[in-house]
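Architecture and fold: a report
Residue strings, one per chain:
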Amino acid sequence: MVKKTLIMSKELVRVQVTSPRESENSIGVLVDLVFNENGLNTSASNLQWFPKSLCTIEKVEPIDRTKNLPTYFLTAPKWLVEKNIKKINI
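Below, the structure is looked at part by part. (Residues numbered from 1 in each chain as written. Predicted model: local features only at pLDDT ≥ 70, side-chain atom pairs only at ≥ 80, totals over all residues. Heavy atoms only, no water.)

1. Some points on the sheet that holds strand E1 (residues 12-22)
So the rule is basically this: Should DSSP find at least two bridges between two strands, the strands are taken to pair. The numbering of helices and of strands both runs from the N terminus, where a helix is a DSSP run of H or I of at least 4 residues and a strand a run of E of at least 2. Whenever a helix is involved, its axis is fitted only over the stretch in contact; in every case the axis is a line through C-alpha atoms, and angles between N-to-C directions fall within 0 to 180 degrees.
Pairing in this open sheet of five strands is antiparallel, and the strands run E3-E2-E1-E5-E4 from one edge to the other. Strands at the two margins of the open sheet, each flanked by one partner only, are strand E3 (41-51) and strand E4 (56-60). Here the strands of the sheet are splayed against their neighbours by 45° on average, with no regard to which way each runs.

2. Things to note about the side chain of threonine 18
Rule in force here: Any two residues having at least one pair of non-hydrogen atoms within 4.5 Å are treated as being in contact.
Structurally, threonine 18 is set in strand E1. When sequence neighbours within four positions are dropped, the list of residues in contact with threonine 18 reads Val29, Leu30, Leu33, Asn41, Ala44 and Tyr72.

3. Notes on the packing of aromatic side chains
Rules: Centres within 6.5 Å are what make two rings of Phe, Tyr or Trp a pair, Trp counting through its six-membered ring; a difference in plane orientation under 30 degrees is then read as stacked, over 60 as edge-to-face, and the rest as tilted. Here, a charge over a ring means that NZ of Lys or CZ of Arg falls within 6 Å of the ring centre while also lying within 35 degrees of the ring normal.
This structure, assessed with the given rule, holds zero aromatic pairs. Arginine 14 extends its terminal NZ or CZ atom over the ring of phenylalanine 73, reaching a point 3.8 Å from the ring centre.

Everything listed here is a matter of geometry and, on its own, says nothing about what the molecule does.
See below:
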């Protein structure tokens, strides 16, 4: 029998997400983002939940609030991002 060991690195990564929701112990975000030719997020899907004990969410306000919505970034351990976000290159 081969025993596999999951190495849980403490390395953190910061990824762009959208539509954050919070529960008592978790942060829910849409993780599969689609961007237009100008680099603006035009749609998102795939709700994933991340534990607040390991992750944080950051809101960045746009310079021109009349044209753009806030941008959100999730900071989480790299192993957790790789596990929950399939369409990412870290």
